[in-house]
Amino acid sequence: MAKNKIILAFASLTVAISANAQKVAPKRAVASTKTSQISAPKITTLNRVNLPSEKSFQPKETGIQMPAAKAFVDIKPKAAKSPDMVVLPKFQPIPVLEQAKVVIKPEHIAQIPIVKPLDFGPEPLLNEPQSDIKNLVEIKPEEYKMIQALIFMDYNKRYDLAMALFVELMDVPQYAQQATYHYAETALGLKLYSEFREKMLQVTKEAKDPMVKKMAVESLVKNMQYLQISDIEAIDPVAKQLDVDTVNHTSYLLKKAKYYSEKGNLKEFENALLMIPTEAPEYKEGTLLKAVLNYRRGQVDEGITELEVLWPLVEEKKKDQIRNLTALTLARLYFQKGDYKAAYKYYLSVDKSSGQWLQSMVEQAWTQILANDNIGAAGNMFTLHTEFFTKAYAPETYVVRTVGYLNLCQYGDGVHVLEDLNKRYKKVQEELEGYQKANPKGLAYYDLVKSFLKNTKQEIFEGVPRSFVVELARHPTYMNIQSQINAYEDENSRFNKVTIDLIRKERDARLEMLKAKNEFSQAQRDGKKGDGLRNLEKKYLAKGVEHLIYSRARNGIKKMREAALARLTKEENTLREKAGKNLQGRFGELVASLDRLIDQQEVLSYEIYSGAGEHIRYQMAGGEGKQADKAPASLTPDDKDNYAWKFKGEVWDDEIGHYRSSLKNVCPQDENERSPSSENASTDAGDANEKHN
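Residues numbered from 1 in each chain as written. Predicted model: local features only at pLDDT ≥ 70, side-chain atom pairs only at ≥ 80, totals over all residues. Heavy atoms only, no water.

**Q** Help me get a handle on the overall build of the protein chain, residues and values and all.
**A** Helices and strands together make up the secondary structure of the protein chain, namely 22 helices and 5 strands. Sorting the 693 residues of the protein chain into buried and exposed places 38% on the buried side. A sequence separation of at least 24 residues applies to 68% of the contacts in the protein chain between residues at least 6 apart. Working note: accessible area of the protein chain is about 44,400 Å², and carbon and sulfur atoms make up 54% of it. (Helix = DSSP H or I, 4+ residues; strand = E, 2+ residues; numbered from the N terminus. Buried < 20%, exposed > 50% of the residue type's maximum accessible area, 1.4 Å probe, protein only. Contact = heavy atoms within 4.5 Å. Areas by Shrake-Rupley, 256 points an atom, 1.4 Å probe, with all protein chains shown as cover.)

**Q** Could you give an account of the packing of helix 14 (residues 340–349) against helix 15 (residues 357–370), with specific residues and numbers?
**A** Where helix 14 contacts helix 15, the axes come no closer than 9 Å and their chain directions differ by 155°. Comparing the axis directions of helix 14 and helix 15 gives the class roughly antiparallel. The two elements helix 14 and helix 15 meet at a crossing, and its hand is left-handed. On the side of helix 14, the interface is formed by Y340, A343, Y344, Y347 and L348, while helix 15 contributes S360, E363, Q364, T367, Q368 and L370. Classifying every residue of the contact of helix 14 with helix 15 by side-chain character gives 6 nonpolar, 4 polar and 1 charged. (Axes fitted to C-alpha atoms, helices over the stretch in contact; angles between N-to-C directions. Parallel < 35°, antiparallel > 145°, perpendicular 65-115°, else oblique. Left-handed = near helix turned anticlockwise from the far one by under 90°. Nonpolar A, V, L, I, M, F, W, Y, C, P; charged D, E, K, R; others polar.)

**Q** Go over the environment of G463, please, and point to the residues and values.
**A** Checked against the element boundaries, G463 lands in the loop between strand 1 (460–461) and strand 2 (464–465). When its relative accessible area of 26% is taken as the criterion, G463 is described as partly exposed. As for G463 and Y435, which are separated by 28 residues in sequence, their C-alpha atoms are 7.4 Å apart.

**Q** A description of the packing of aromatic side chains should follow, citing residues and the corresponding values.
**A** Across all of its chains, the model carries 15 aromatic pairs by this definition. A centroid spacing of 5.1 Å and a plane angle of 75° characterise the contact between Y259 and Y260, whose relative ring orientation is edge-to-face. Assigned by exposure class, Y259 and Y260 land together as buried. Among the aromatic residues, those joined into a cluster by ring pairs are Y393, Y398, Y425, Y435, Y445, F468 and F587. (Phe/Tyr/Trp six-rings, centres within 6.5 Å; stacked < 30°, edge-to-face > 60°.)

**Q** Just give me the short version of the pattern of salt bridges, but keep the residues and values in it.
**A** Scanning all chains against the criterion turns up 28 salt bridges. A salt bridge links D160 to K505, with the shortest nitrogen-to-oxygen separation between them at 3.6 Å. With D160 in helix 4 (residues 159–169) and K505 in helix 21 (residues 476–525), this pair connects stretches of sequence that are 345 residues apart. A salt bridge links R297 to E270; its shortest N-O distance comes to 2.9 Å. On the criterion of sequence distance, the pair formed by R297 in the loop between helix 11 (283–296) and helix 12 (300–314) and E270 in helix 10 (residues 266–274) is long-range, its members being 27 residues apart. For R297, a relative accessible area of 35% puts it in the partly exposed group. Put simply, K497, D501, R504, R507 and D508 are held in one network by salt bridges that share partners. (Salt bridge = Lys/Arg side-chain N within 4 Å of Asp/Glu carboxyl O.)

**Q** Before we move on, could you go through a nonpolar patch on the surface and cite the residues and values that matter?
**A** Side chains of L136, V137, I139, Y144, I147, I151 and Y155 sit close together on the surface and give an oily, nonpolar patch of about 830 Å² of accessible area. Within the secondary structure, L136 sits in the loop between helix 2 (106–109) and helix 3 (141–155). (Patch = residues over 30% accessible without salt bridge, like charges linked within 9 Å, V, L, I, M, F, W, Y side chains within 5 Å.)

**Q** Outline the nonpolar core, supporting the account with residue identities and numerical values.
**A** Membership of the largest hydrophobic core comes to 79 residues, with the highest contact counts inside it found for Y425, L432, L448, F468 and F587. The element that contributes the greatest number of residues to this core is helix 22 (residues 531–620), accounting for 13 residues. Contact partners of L432, with chain neighbours within four places excluded, come to V464, F468, F587, V591 and L594. Counting 61 residues, the second largest nonpolar core, distinct from the first, contains L242, A280, A509 and I557. (Core = buried A, V, L, I, M, F, W, Y, C linked by side-chain atoms within 4.5 Å.)

**Q** Please provide a residue-by-residue account of the side chain of T499, values included.
**A** Checked against the element boundaries, T499 lands in helix 21. When residues no more than four places from it in sequence are discounted, the contact partners of T499 are I557 and R561.

**Q** Help me get a handle on the environment of Y344, residues and values and all.
**A** Tracing the backbone through its elements, the reader meets Y344 in helix 14. For the pair formed by Y344 and Y334, sequence separation is 10 residues and the distance between their alpha carbons is 8.8 Å.

**Q** How would you sum up the packing of helix 13 (residues 321–337) against helix 14? Please name residues and give values.
**A** In contact at an axis separation of 8 Å, helix 13 and helix 14 are set at 160° when each is read in the N-to-C sense. Between helix 13 and helix 14, the interaxial angle falls into the category roughly antiparallel. Both helix 13 and helix 14 take part in a crossing whose hand is left-handed. Between helix 13 and helix 14, the contacting residues are R323, N324, A327, L328, L330, A331, R332, Y334 and F335 on the first element and Y340, A342, A343, Y346, Y347 and S349 on the second. Of the residues in the contact of helix 13 with helix 14, the class split is 11 nonpolar, 2 polar and 2 charged.

**Q** With reference to specific residues and values, describe unusual backbone geometry.
**A** The phi angle at K191 is positive, at roughly 65°, despite the residue not being glycine. Mapped onto the fold, K191 is located in the loop between helix 5 (176–189) and helix 6 (193–206). Judged by its relative accessible area of 48%, K191 falls in the partly exposed class. Its identity is not glycine, yet N372 carries a phi of approximately 65°, on the positive side. Summarising the element assignment, N372 is placed in the loop between helix 15 and helix 16 (374–383). Judged by its relative accessible area of 27%, N372 is partly exposed.

**Q** Can you lay out helix 3 for me, pointing to particular residues and giving the numbers?
**A** For helix 3, spanning 15 residues, the distance from its first C-alpha to its last is 21 Å, which sits close to the expected 21 Å at 1.5 Å a residue. Listing the buried residues of helix 3 in full gives M146, A149, F152 and M153. Taken down its axis, helix 3 places every buried residue within 125° of arc, on the same side. Helix 3 presents Y144 and Y155 as exposed residues on the side facing more than 90 degrees away from its buried surface. Downstream of helix 3 by one or two residues, K157 has phi in the positive range, about 55°. (Expected span 1.5 Å × (residues − 1). Arc of directions from axis to C-beta.)

**Q** Give me the lowdown on the side chain of S219, citing residues and values where you can.
**A** With respect to the secondary-structure elements, S219 resides in helix 7 (residues 210–222). Its relative accessible area of 12% is what places S219 among the buried residues. Not counting residues within four places of it along the chain, the set of residues in contact with S219 comprises F196 and M200.

**Q** Mind laying out the confidence of the model for the protein chain, listing which residues take part and the relevant values?
**A** Averaged over the protein chain, the pLDDT score is 79; the fraction of residues at 70 or greater is 78%. Here strand 5 (residues 689–692) stands out as the element of the protein chain with the lowest mean pLDDT, 39, in contrast to helix 7, whose mean of 94 is the highest. When the criterion is pLDDT under 50, residues 637–649 qualifies, and its contacts beyond four places in sequence or with other chains add up to 31 contacts. Predicted confidence is poor over residues 671–693, with pLDDT under 50, and the contacts of this stretch with residues over four places away or in other chains come to 97 contacts. (pLDDT = per-residue confidence, 0-100.)

Given below as structure tokens:
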């Protein structure tokens, strides 16, 4: 209450002062016009302000309704039951079973000897520190050149520029091994496969650093498709010595198998083939070689099983060489077992585009004869004597056809066939023997084939007919070597192309350098300065360095090209001599085979005339020919699928191998069965009727 009173008094005082100030203010304003020296009035008295006392309030006057008082509830807590007393077991001390022992007596401590402290040796002698600045690694010019060459080879793929630098480093003894290895890599990048093979084999034989040697062997194993089978002799022992992985390189395994097959080491041959996985491209050829291995061991059934597994994988690829060789090998294996049905099937599977097709046709006819299908054998051989095959060399077909007619007792047609054999090949035999006597050296036979390849439309080559030269040249002993010679010729052309490309690039770089030089000189004459002039100078220097690199590369590759071409020429001459000897041997085999066939003409003539005489006597005595006998179901087509056609000088290419002669078996009934059927006789001369499937 007192506090409120004081506040009200202070407020009243403030109001009074304000009122007096308002009364005095006009007077001061008027007086100010008179003089500016008059001061403000002073307050000397303060009027007393009477304020009434503040009314006090009582609780009942507020009008506040208080809640009614609540009755007190006495809460009596319930007593909780204490848990049961836990009684601990009585402590039992661990008894001492024995009396304490005295480990050591105090008087024994004095007897312990004193050990001297270890002698750390004399204090080390430290040299005074030297503050001279030295290069930690001093790179030599040869090392800069090696780094530059590796950058060209690995990052820029400029194998020609890298090769030239490696050529320079090959003359430095310290870097010769490594440079030769990298030179071989650049040759591989430029597709100079013979140069790659030569230099990498050189590193394998001469390298002293085992790491470089192992790298060279690994590269050879990895790129075995560019090497020869004979290289296995130098690579395989080193690969085993250095523990080089060869299992994961199927091309190497296949050539390894071929090498040991030629050497007669059948164990290594088989081990190499077993490591070729089934999904590898070389698996097919490896399986074919494995079947041949089993045949050489006398395991014909195993060889047939392997080829039967392989056949579904290659059957659809009609022109594939492995496929046709598989079919021919299967046919021969079944023929050897006497399963003529299966042999006949696979002989027919050899595609006409294959070089083995004509031989498979002859062997198929022999299969038919042994299966008593003489009509089929005679019909198929008859198709090979039509104008469609006039340029084919096939003297054996005449003998097969004659034997077929002889078994059918068609003696007149057999005589005609022998006359055709004599007429067509007797003169050829004389010419071949004359050429053989006049050319004792192998290169003459190589030149003979070379003349044919230059002009394939020519019919006679130095007295030798074209058909014979074709038969001579298609043998693998010549074709494989000639393929290698062709590869050397291609490499020679690629070497020339690399040199020509470098000459062209050097010329272009020189023109660019001169152009940049003129631009830089012109800028200097014009007084240009700053970054523009510096950029022109950098461009000029860069073009100059580029021109220098191409010039050095051209000179370096020129040196190696001359050495490589000399080596290639030498190896080509060696291969030509080898191919010539192979052709000479093949020539002799063909001539000897033709001599035997011509000589058999007399034997067959005797058989024909003898059989004809007996047959005439039998018929004059009233004998009859055999009734129609059925040919083996495996070789003879169904009659409903056959139709007779009148031969008018043409055959259908897709039906070759399925033709059947219309001549029937007219042998006496009491003779041993030699043919599948016998009906009325007819001839193949003129417009003879033939039947095909």
